[in-house]
Structures are given as C-alpha cells and as structure tokens.
Amino acid sequence: MENRNGHLLAEIGALGTPYHGLVVGGKLSLPNGAEIDYPQPTTGDTVLVQVPGTPAVERTEQQQVLDAERGFQWWDKAILAGDGRMLYGRSLGSGRWIYIDPDGTRWLARVTNIGAVDLTTSRAFTVLLTEFGRIGGPPAQQITVEAEITDWQQHTPNPLNTVSVTTASMVMEDASPSGNKSVWALKSTQGLQWAHPQPMALGFFELELSGAGDEITLAARVILSRAQTLGAWERTGEPLRGYVKAWKHIGQGTSMVLQWSTMDTQTCTGCAYYERDMEESDWWLQDQPQDAPTWYVNDPPAVAAWIGTGALVDALTGRVVQMWYSATGDLVPVILEITHARSYDYPQPTVSWDTETRLDCLSPGSPGCVTTVEEHDPGQISVSQSGSSTETFSWRIVAGGQTLLEHTGTITVTSGGTYRDLDVARQVQIDASHAYDSSFGITGSRSVNETRYPTQQSPLLGLPGPSVTTVFGYPSPGLLASEGPHGWGRDGIVAFGDFDNPTLLDGRLYRHSNHVLGFYGVAATFYHPYTEDWFFQGYATPSGGDNQARGSMSSSTLPQVHASWCPVTHQVSLAWEIGAITDPVCFV
Amino acid sequence: MATDKRLIEDLNSLVDIRPDRKLPETPMRGPLAPGRGYAAGDEPPTTQGGGIASPLIEPDISAREYYESRLFTSSDGIFTLEVAPIRQLLMADANGAEVVFQFAEPEP
C-alpha cells in the first residue's frame, strides 16, 4: 500500500501487527528499546504459523526508517504464543492451532474432547474448524471432522515397574507451520520420583488435517509407541561380581553376619553367622542358618565393600523426550541418549577375625569356610580393601541428526581403608578419596576419614563403585529403562559418598517450554540435612543448543522457571537468567 | 546573409502599417454619484441547470456500484480484509433531482 492519501495505514504501508519480541511481566520489549504493555502469555510455548505463498515483506527505505523509530517489525509469519496460543495479543485458546487449507483459507482448529486418555480403549477425536482471519465477506464457516485411534500401542513396556499406567494426559507439543499436522504427547504423572517435577512422555500421536473447505478430513495416528518412546537400555561388559557386608545386631545377645553376595540377586552365597551371649566377650560361630536372620536384611551393614574387576557400560538409546516440527513441516523427534561407562578394580577384601584371618575362604559359593573359625574365638572383625574405579557418563540430546546438547563427566575414585569393629566403641578407620571431574560445579576431591561413626552409620568401602542407583539405599547395578523411575533423565544416576549419606549425581531434562529443554546436573545429598542443587548445564532448542553452564539454582525454584524460543528469530530467553524466576517469558 | 536581411526588411515593411490608437478616457477622481443599489434575492429551485440543491440524500443504498473487490492481506498472511472500492453513488438533491457521483478506480 502506498501513501496516497496521507492516511496512517497508508503511511505505515503494511497490515497486521508490527509488535514482536519478548514479553516479560506484561511488557513487550521492542527493537527500539521501548516497552509497551502487552498481555502476558502463560507459558513460553511457541507455535510457528506460516501461510503458504505469503510473500516476503518488502519495505521502502523510508518505511524502514519509520519502522526503526517506532520499533516495528513486519513478519511474513506469526507465532501462537504460550499455552493459550496468543495471536496479536489475543488468546485463541489452549491446545488450538491454525490450519491453512490448500485454497489458502485459514481455520482455527480445536479438539473438542481434549482430556485424559484411557490407554486401554479407543478414542474418537472431534476437531472443530472455524474459518479464521477473514474480515468482510460472508459469515465464517464451521466444520466438524472426526477420527479415531483404536490402539494406543501402550501395552509394553511398563515404565513404572509396579505401577500400571493406563491413563495419560494429552499435551499438544507443536503444529506444523501450515497447521496441517499437530503432534501430541501422552504424559503421565504416575510414579514420579522424588524431586523430579515433570511427567515424561509415554508415546506420541499426530492429528493431520487435509483437504479444503467442506472436503477437509481428519486423520489420527500413533507416531511412537511406548516402547519406541522409551527407547532401549543396553548393558555390555561384566558387572561387579559381588560384595561383602557385615552386620551386627545387638539383642538378647549380639549376632553378626558376614555375607558374600552377588550383585544381581543380592542373595547370600556365602555367610558366616556368629553369636555372642550377652555379657560375654566371646563370639560363637553358629552353623549356617537355614533361613537368614531377618534382622540383618533390613539393618544397615556395619561394613561393606565391592568386589570385582572389570568394566561395564550401560547405554540408553532412542528415548524420545519431545517432538517438534521443522520450518518445512517435518516431524523431528528429540532424543535423549545416556552412556554410563565404568571400569573398576576392587580386589577381594581382607577379612580378618581379630589378628587371625578366619574368613579367608569367604567367597562365592563357599559357605563351608565358616568351619575354619574356631568356637569361642574372641576378637574383632576387620575388612580391609584398596581399590579404584572410574566412571564416565554423558548425556546427549539429538534431533535431526544434530547433537543439540552434550554433557560429559568423569568420576575417579581411589579408596582404601580398614573397617575395624571394636565391638563396643565401633570405631571406624577408613581413608578414601573421591576425585571427580565434572562440570556439575562439583570439582576437587573429598575424603572420608572418620574415626567414629554413630551407631547405625557404616562406611562403604570403594564408593563410588559401579553404582547406578535409582533410590537411596542399596546400590544396584542399574535398572533397565523399562524398570526405571518415571522421569526423563532418571535412568543413569551416579552415586558417591559414604553409604548412609551419599551424593547422587543425576542428569535431568526439564521442559521449560515446548521448544526449550533445559539440562541440569543435580547433586543431591541425603540427610544432615537433605539438600539438592541443580546445576544448569545448557539447553536444547530446534535451532541448536548451548552447553555453557550457568550456575546453580534451588530445586524449589525450578518448577517455576520459564523459557521460550522464537521460531522466527531463533532467539532464546531463559527466565531465571534475566531475573524473572517466577514470571513466564514468551516470544510473540 | 544579405538575402536574409533583405527579407526581414521586406516583412517589416509589410507589418509596419499600424492603426491610430488612443488610450481610453480615465474617470474623474472622487466619490461616486449617489444611486440605487440592487442585490439578488432567494431564487426558487430551478428544475434544470443552475446547480445542485443541498442536502444530497441517498435514496437507495442498493443502487451503489462498486469496482471489483480487492483483498488486503496482513504481512503474515493470516488476516485478509476484503474491500470493494465504490464506483458510483446515486443521490437526490433537495429538489429531488438525481445527482450521480462517479469515482475513479483506485490503483490496486
């Protein structure tokens, strides 16, 4: 439009909205530095709308000057901003998008029966299409189209171990630029683990519109089954052969058990069971009990040590944590990959009874060794070991064949020491140093050199060993993805520290918005008191990632952290970086 | 050159014959002589010629004529504004006479 009449519209030379940029706290920042009041989108979600055939915006030099003065930007595309899908400052409604049919007619699409999905039954979708964006002419048309998904392909595996997930919520993650496709995630909040605030995707499905006018049709299809979404967890190498632990129990008398167990089954393959009468100083060797005493199963061990030499690699591949569309409308799965490699050398510990080695044959399948201990053999038990381990771990976010985000770390441990049960004082002598190099922000070494542990405390020699553990408690050699906790990055956790107060290093993804995934290293320590620090490691967006660590934040803040990615300029805004921890941020 | 000069002189000799001209007489200075003045009064509406009588009223909106409509589209292509430039308006003046407005077609 030319300036033919001196009218403002003619002078501006364009129709639409020139107001684009980042909205924070109800203020839109314009390129000329000015701020204007603007409705705040509730989240940082962004959905690109690009009407096919729309010409590139051309501005005269004079118009460019005026645009720069006014802070105007004229785009040949648009953004539906926030969960409410805000356009030109007006919300179109949650879970809605704009479909441009082959004739160029725009339609506002709305799934009328959005809500929880029963994954065991079929589901019919109804999409209401209302002609959109035409000013003038005949009244807007409305069309209703339907489609059905009969099999959600959610039968296996069950990611929650004992929890059966049969319902999920539908979350619209993105729409193609022409709106002919929208991708939805099936998400569940069941079985979420501690300190993991977000549900994970169990599957993805797509709604596709095609045709024009009265001939528009809807198709609904599962894109990824549950198995395809969760990916595969594969283990190569040899796990630790086992461990040795010692328990002591004070009741009517005092009992003590030495147990040699395999890592996999945690069953006793070689046990020595001792008792000492009250007020007596001598230990009595008992025959191998037919049934292991229940008390020692539940009590923390007085001493424990890993045993084994080898290497082990756990790898999670193909876990789809998000899906979005490219600028050309191609569906792009966003994949999480975790690799956790360990090499370790923990030799057979020296287990001695007082100064005499009585349990030297304590080994797998050799329960008969207990016969070497003489009755009325007084004294103390000592377990000595010197070993080392190295763990390397990496998390990657890959989309479209491109690594958007990668984080690696290494923990090297050398440990050695002797646990010596002095019967009464329970003095512990142990020296262990843990050196770990990680950009989690925890660097350096830590040593444990305690001379006295309170009752119920016990050192664990050789930590961190190959100790992928998912819950506090007894380290296990790692869980399969299908058995693991319910979260995005929860399948590979590294533990270090002493047994009763370990620190877990955990890599976690956080969905800040549909196009911004934040990656955090979490260092959680238990008790004394429980603390949890999140170390921001970077983010992944459709236009790339960032591996720069930015510091830590408290977990109580994290669920409120917002971020947004602009599908037009490819800018990224992280709320907490600009001091707007609790405020949503969003590009419009 | 001499030939040209002669030609010019000949032409000048032809146009040099001029009539005897006198300037008009100028009126005497001073006030005008007294006399009766006249002014035009309210004239009755004329039925033809002579101009348009206000007000102009459009008797039938459906009689409007438009040029072919054109579409203004927002830069992002989402919104379209359909506008038909007006081509002709039929109005009636205070005498009931038809007044036709015909507009030029704007550039597309």
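Remember, predicted model here, so these are calculated numbers, not experimental data.

Conventions adopted
Along each chain, numbering runs from 1 in the same order as the chain's sequence is written. Going through the entries in the order they are written, you letter the chains from A and number the ligands from 1. Where totals are concerned, whole chains, interfaces and linings use all residues; where local detail is concerned, this predicted model gives features only for residues with pLDDT of at least 70, and gives and counts side-chain atom pairs only at 80 or more. Helix numbering and strand numbering both begin at the N terminus, where a helix is a DSSP run of H or I of at least 4 residues and a strand a DSSP run of E of at least 2. Residue burial here comes from a neighbour count, namely the number of other C-beta atoms, placed from the backbone, that lie within 10 Å of the residue's own C-beta, with 20 or more meaning buried, 12 or fewer meaning exposed, and in between meaning partly exposed. Distance between backbone-placed C-beta atoms decides contact: two residues are in contact if it is within 7 Å. The pLDDT value expresses, per residue, how confident the predictor is, ranging between 0 and 100. Residues are sorted three ways: Asp, Glu, Lys and Arg are charged, Ala, Val, Leu, Ile, Met, Phe, Trp, Tyr, Cys and Pro are nonpolar, and all the rest, Gly among them, are polar. For two strands to be treated as a pair, DSSP must find no fewer than two bridges joining them. Axis definition: a line fitted to C-alpha atoms, over the contacting stretch in the case of helices. Angles run 0 to 180 degrees between N-to-C directions. The nonpolar core is taken to be a set of buried Ala, Val, Leu, Ile, Met, Phe, Trp, Tyr and Cys residues joined by way of C-beta atoms within 7 Å. Marked domain ranges trace back to an automatic or database domain assignment.

Comments concerning the overall build of chain A
Assigned secondary structure in chain A consists of 4 helices and 40 strands. Evaluated residue by residue, chain A yields a buried proportion of 43% over its 588 residues. Taking all contacts inside chain A whose residues are at least 6 apart in sequence as the whole, residues at least 24 apart take part in 61%.

Thoughts on the overall build of chain B
Across its full length, chain B holds 1 helix and 5 strands. The order of α-helices and β-strands along chain B, N terminus first, is α-β-β-β-β-β. Classification of the 108 residues of chain B by burial places 6% in the buried group. Contacts in chain B between residues at least 24 apart in sequence constitute 39% of all its contacts with a sequence separation of at least 6.

Description of the confidence of the model for chain B
When pLDDT is low, close inspection of the predicted coordinates is not appropriate. Residues and elements named next belong to chain B. Residues of chain B with pLDDT of at least 70 account for 54%, and the chain-wide mean is 74. In the model, residues 14-20 has pLDDT below 50 throughout and makes 0 contacts with residues more than four positions away in sequence or in other chains. The complex model carries a pTM of 0.73, and its ipTM stands at 0.73.

Points about the interface of chain A and chain B
Residue-level contacts link 19 residues of chain A with 11 residues of chain B. Of the residues contributing to the side of chain A that touches chain B, the split by class is 10 nonpolar, 5 polar and 4 charged. Inspection of the sheet shows strand β12 (residues 134-135) of chain A paired to strand β3 (residues 80-83) of chain B by 2 bridges, in the parallel sense. The residue of β3 of chain B that forms the bridge with Arg134 of chain A is Thr80 of chain B.

Quick notes on the sheet that holds strand β2 (residues 70-73) of chain B
On the basis of which strands lie adjacent, the open sheet formed by 3 strands has the order β12(A)-β3(B)-β2(B) and mixed pairing. For this open sheet the edge positions go to β12 of chain A together with β2 of chain B, each flanked by a neighbour on one side alone.

What to know about the confidence of the model for chain A
All names here are of chain A. Per-chain confidence: chain A averages 71 in pLDDT, with 55% of residues scoring 70 or above. Contacts from residues 191-195, a stretch scored under 50 in pLDDT, to residues over four places away or in other chains number 13 contacts. Under a pLDDT of 50 for its full length, residues 288-292 has, in the predicted model, 8 contacts with residues more than four places off or in other chains.

Section: the sheet that holds strand β8 (residues 96-100) of chain A
Residue and element names in this part refer to chain A. One open sheet holds the 4 strands; their spatial order is β8-β9-β11-β13, and the pairing between them is antiparallel. Strand pairing shows two members of the sheet lacking a second neighbour, β8 and β13 (142-149), which therefore form its edges. Strand-to-strand twist of the sheet, defined as the mean angle between neighbouring strand axes without regard to direction, takes the value 30°. Relative to β13, strand β11 (residues 123-132) is paired through 8 bridges, and the arrangement is antiparallel. Within β13, the position partnered with Leu129 by the bridge is Ile143.

Some points on the environment of Tyr19 of chain A
Residue and element names in this part refer to chain A. Within the secondary structure, Tyr19 is located in the loop between α1 (8-12) and β1 (22-24). Tyr19 sits 53 residues away from Phe72 along the chain, and the two C-alpha atoms are 6.0 Å apart. If sequence neighbours within four positions are ignored, Tyr19 has contacts with Leu28, Ile36 and Tyr38.

Quick look at the nonpolar core
Residues and elements named next belong to chain A. Core analysis: the biggest nonpolar cluster contains 89 residues, and Phe204, Val334, Ile397, Leu517, Tyr539 and Val588 have the highest contact counts within it. Of all the elements, strand β16 (residues 200-210) adds the most residues to this core, at 7 residues. When residues of this core are assigned to domains, at least three map to each of domain 1 (95-229) and domain 2 (235-555). When residues no more than four places from it in sequence are discounted, the contact partners of Tyr539 are Leu405, Val516, Leu517, Gly518, Phe519, Gly545, Asp546, Ala563, Val572 and Leu574.

Notes on the pairing of strand β4 (residues 86-92) of chain B
All names here are of chain B. Bridge analysis of strand β1 (residues 65-66) against β4 gives 2 bridges, and the strand direction is antiparallel. Across the sheet, residue Glu65 finds its bridge partner in β4, namely Gln88. By the bridge criterion, 5 bridges tie β4 to strand β5 (residues 98-102) in an arrangement that is antiparallel. Its bridge partner being in β5, Ala92 is matched across the sheet by Glu98.

Some details on unusual backbone geometry
Of note, the bond from Ser54 of chain B into Pro55 of chain B is cis; its omega dihedral lies within 30 degrees of zero at 0°. You can see Pro55 of chain B is positioned in the loop between α1 (2-15) and β1. In the Ramachandran plot, Arg85 of chain A falls in the positive-phi region, its phi being about 55° despite a non-glycine side chain. Within the element layout of this structure, Arg85 of chain A appears in the loop between β5 (78-81) and β6 (86-87). Here Arg85 of chain A falls in the buried class, since 26 other C-beta atoms lie within 10 Å of it.

Examining the environment of Gln571 of chain A
All names here are of chain A. By the secondary structure assignment, Gln571 is in the loop between β38 (563-565) and β39 (572-574). On the basis of neighbour counts, which here come to 14 C-beta atoms within 10 Å, the residue Gln571 falls in the partly exposed class. Placed 557 residues apart in sequence, Gln571 and Ala14 show a C-alpha to C-alpha distance of 24 Å. Gln571 has contacts with Cys566 and Phe587, leaving out every residue within four places of it along the chain.

Structural notes on the environment of Val111 of chain A
Residues and elements named next belong to chain A. Note on placement: Val111 falls in strand β9 (residues 106-111). Residue class for Val111 comes out buried when judged on the 20 C-beta atoms lying within 10 Å of it. Taking the C-alpha atoms as reference points, Val111 and Met172, 61 residues apart in sequence, are found 10 Å from one another. In this structure, Val111 is in contact with Gly95, Phe125 and Val127, ignoring residues within four places of it in sequence.

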